[in-house]
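Coordinates in review
Here is how the chains run, residue by residue.
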Amino acid sequence: MTESNANVSLKPEPRPEVPDLTMPFWEAAKRHELVVPRCTPCNAFFWYPREACPTCLRSDSWDWATVSGNARLHTFTIVRQPLHPGFQEEVPYAFAVVQLDEGVRMMSNIVDCDVIEDIQIDMKLEVKFDDISDEWTLVKFKPA
Ligand SMILES: [Zn+2]
């Protein structure tokens, strides 16, 4: 197959791989609901989803809990060269670690603002659900 010189931005954005473990997160996102794992015995929220609660190490005794979607910006970087050709139209964009009010940190994007001028560490954020297709909704954050 010959590589063409066509505009690389026509390549589709990558889609998440969905092992069974994280399917409830993506299904909730489609409903515009943010859920994270919460341990049943010790009540600790945690992120990312995994077999055992990292706080008390008791296995498979956790469930998905709906959270507020309120967060603060823990840290971020501005991406000026896309990591994947599918994101060419998005640059510059903010790739961030946000800390939910419930205490867990997750990676996401900051949207709905000028990423060069408006973004500051510890700024208040709220979740924004980005329906990128009929099948996929991404969890992003915007200034609160
Ligand atoms: Zn626990």
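Residues numbered from 1 in each chain as written. Predicted model: local features only at pLDDT ≥ 70, side-chain atom pairs only at ≥ 80, totals over all residues.

Let us look at the overall build of the protein chain. A tally of regular secondary structure across the protein chain gives 1 helix and 7 strands. In sequence order, the secondary structure elements of the protein chain are arranged as α-β-β-β-β-β-β-β. The principal-axis extent of the C-alpha atoms belonging to the protein chain is close to 55 × 40 × 25 Å. When burial is assessed residue by residue, the protein chain has 17% of its 144 residues classed as buried. The contacts in the protein chain between residues at least 6 apart in sequence include a share of 51% that link residues at least 24 apart. (Helix = DSSP H or I, 4+ residues; strand = E, 2+ residues; numbered from the N terminus. Buried ≥ 20, exposed ≤ 12 C-beta atoms within 10 Å, placed from the backbone. Contact = placed C-beta atoms within 7 Å.)

Let us look at the pairing of strand S6 (residues 124-131). Pairing geometry for strand S3 (residues 70-79) and S6, over 3 bridges, is antiparallel. By the bridge assignment for S6, Arg72 is matched with Lys124. Of the pairings in the sheet, the one linking S6 to strand S7 (residues 137-143) comprises 7 bridges and is antiparallel in character. Looking at S7, one finds that Glu126 is bridged to Lys142. The antiparallel pairing of S6 with S7 creates a hairpin that spans 5 residues between the two strands. (Pairing = 2+ DSSP bridges.)

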